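# Report on the structure
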Amino acid sequence: MKHMGNAKKTLRIVLLGWVTLLLFSTTVHAQLTDQTQTPNVAGRGIALSLEQQIGDGQGDISTPNTSHYIIKRDPARAIRRGRQIFQRKFTQAQGQGPRTNDGIGGAIGDADNIATNAGLGAGLADSCAQCHGLPRGSAGFGGDVVTRPDGRNAPHLFGLGLQEQLADEITKDLRSIRDQAVSKAAASQTNVTRRLVSKRIRFGRITAHPDGTVDTSRVEGVDPDLRVRPFFAQGGTISMREFIVGAFSAEMGMQSPDPCLVTASNGGLCVTPSGMVLDGSKDNIEAPPVTTAAEDGDNDGVVNEIDPAIVDFMEFYLLNYFKPGTGKQNQETRRGLQHMKKIGCTQCHQQNLEIEIDRRVADVNTVFNPKQGHFNRLFATAETRFVPVDDGDPLPQLVPEGKSFLVRNIFTDFKRHDLGPNFHEINYDGTPQMEFVTEPLWGVGSTAPYGHDGRSINLMEVILRHGGEARESRNRFNRLPRRHKSEIIAFLESLILFPPDSTASTLNPGDPATIGFPQFGHGSINLGELFQTPGPE
């Protein structure tokens, strides 16, 4: 009987431990409900209401409880808030829906049909994570929409801020070369031809004439305006901010009167809280769907559906979002990378690119580590990339260091290429879409099926699908011995995505002694460890 009493006591302790873990666990799924709307014993969901996340709006860097203040003085909290907005399940009362014109377009030739308004082919989601939610809890992949007749696989968003920065720096380099050529042509009264090269990537050449005009007929892989557009498969959008505001409207039926995009789309200059310069005098910036908080763009009776402060947090979150990880490396994967280089894959899929001035405030490096990693044997090392600036406020500004950063294993050149008819798609206006931006390969080991349309079921098939400008590299791949092909596949499979809330890190390494391990105590990339102010998020 004494032993039975001890057993019952032990059981009570174990049950108490499980209940405690259920109440206080911070594990996050791809989509999250709002605890103020869906209270639950497990304590799962977002702690703050949407109104609390908006706070006192955009404000400024001296006004607490505003997006500009939190981004500058408590950046980890700003990133976490952006992440929870990304995962939030919006409600109809908050303005979610309807689809763009309820998915009904005009007849062929009308001004508003699916050929001119791709939003008519978008789905209706209630959360960003509904299309970008795999692996669990990440800003990953997983959705599909029919913005082209052949459909479009929603890509993962890991490393999105790094892609925006690289594309913007390349654009500045190319335009600087053009402007210098124009100046020299005017001064010398002769034609001046210059190669367009940035970060060792060749974009053809331009010829400037003495009268100030520029021959762009030999420009390669980018529009004549020399703006690199890294977002969407065909290279359609400049910035994450345009992408965010556009997706809220097209995919969720929620409009934002973002003043930054209003200014830039009307030819003005705006610098976003994340440091992206949008200059309407140089680029065609996408206008937001509404221009004032009082405008009901979709006639659902709800106005100011996405406060600009929400856009600020989302943009800052994606700027700093984790880059993909690297799985187990061995002789097989190392040989695979060398084979890729030899057969010419890395002429377009360039492995490493350097950012000159990094606007992020943190970096997370995730690698195979069976000793410290619990789920997936991955472990993440987080480092801050900011410096404190004391301006007299109780909280110092934590501003980006602005140092250079080598982006490893991205494998892209940000150029458009024609990969032959196997990749061509048809647009709704009947024209063929023949060129697509080189897809970054990081994360490719986790994102089957492949191709912008999801037609290729595995890595071998998508490699064999290459033609056009990549035909010679594909033929060289075909001539490789079977073992060498397998080594290339093994390397590509090691470029992986990961679930942040199930990946142990220096911010939360986990503890195998935790009751219920590994369901609990497995560790996570816990940004709460970096908060500068107390309180839930």
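## What to know about the packing of helix 9 (residues 331-343) against helix 12 (residues 482-493)
Orientation of helix 9 relative to helix 12, taken along the N-to-C sense of each, is 105°, at an axis distance of 7 Å. In terms of orientation, helix 9 lies roughly perpendicular with respect to helix 12. On the side of helix 9, the interface is formed by Glu332, Thr333, Arg335, Gly336, Leu337, His339, Met340 and Ile343, while helix 12 contributes Arg483, His484, Ser486, Glu487, Ile488, Ala490, Phe491 and Leu492. Tallied by class, residues from the contact of helix 9 with helix 12 come to 7 nonpolar, 5 polar and 4 charged.

## Some remarks on the pattern of salt bridges
For the structure on display, the rule yields 31 salt bridges. As a salt-bridge pair, arginine 227 and aspartate 283 come within 2.9 Å of each other at their nearest N and O atoms. Of the two residues, arginine 227 sits in the loop between strand 7 (214-215) and helix 6 (240-252) while aspartate 283 sits in the loop between strand 9 (277-279) and helix 8 (308-319), which places them 56 residues apart along the sequence. Here aspartate 283 falls in the buried class, since its relative accessible area comes to 7%. Two residues, aspartate 358 and arginine 360, come together in a salt bridge whose shortest N-O distance is 2.9 Å. Taken individually, aspartate 358 and arginine 360 each receive the classification buried, so the pair is uniform in this respect.

## With respect to the state of the cysteines
What is meant by a disulfide is a covalent connection between two cysteines, made through their sulfur atoms. All told, the structure shown has 1 disulfide when counted by the stated rule. Paired through a disulfide, cysteine 260 and cysteine 270 show a sulfur-sulfur distance of 2.0 Å. When the S-S torsion is -115°, as for the bridge of cysteine 260 with cysteine 270, the disulfide is left-handed. Of this pair, cysteine 260 sits in helix 7 (residues 259-265) while cysteine 270 sits in strand 8 (residues 269-271), placing them 10 residues apart in sequence. With no disulfide of its own, cysteine 345 has cysteine 348 as its nearest cysteine by sulfur position, at a separation of 9.3 Å. Relative accessible area serves as the criterion here: at 22%, cysteine 345 is assigned to the partly exposed category.

## Considering the environment of isoleucine 114
Along the chain, the position of isoleucine 114 falls in the loop between helix 4 (75-87) and strand 1 (132-134). Residue class for isoleucine 114 comes out partly exposed when judged on its relative accessible area of 26%. Remark: the alpha-carbon pair of isoleucine 114 and aspartate 429, spanning 315 residues in sequence, is separated by 8.2 Å.

What counts and what doesn't
Residues numbered from 1 in each chain as written. Predicted model: local features only at pLDDT ≥ 70, side-chain atom pairs only at ≥ 80, totals over all residues. Heavy atoms only, no water. Axes fitted to C-alpha atoms, helices over the stretch in contact; angles between N-to-C directions. Helix = DSSP H or I, 4+ residues; strand = E, 2+ residues; numbered from the N terminus. Parallel < 35°, antiparallel > 145°, perpendicular 65-115°, else oblique. Contact = heavy atoms within 4.5 Å. Nonpolar A, V, L, I, M, F, W, Y, C, P; charged D, E, K, R; others polar. Salt bridge = Lys/Arg side-chain N within 4 Å of Asp/Glu carboxyl O. Buried < 20%, exposed > 50% of the residue type's maximum accessible area, 1.4 Å probe, protein only. Disulfide = S-S within 2.5 Å.

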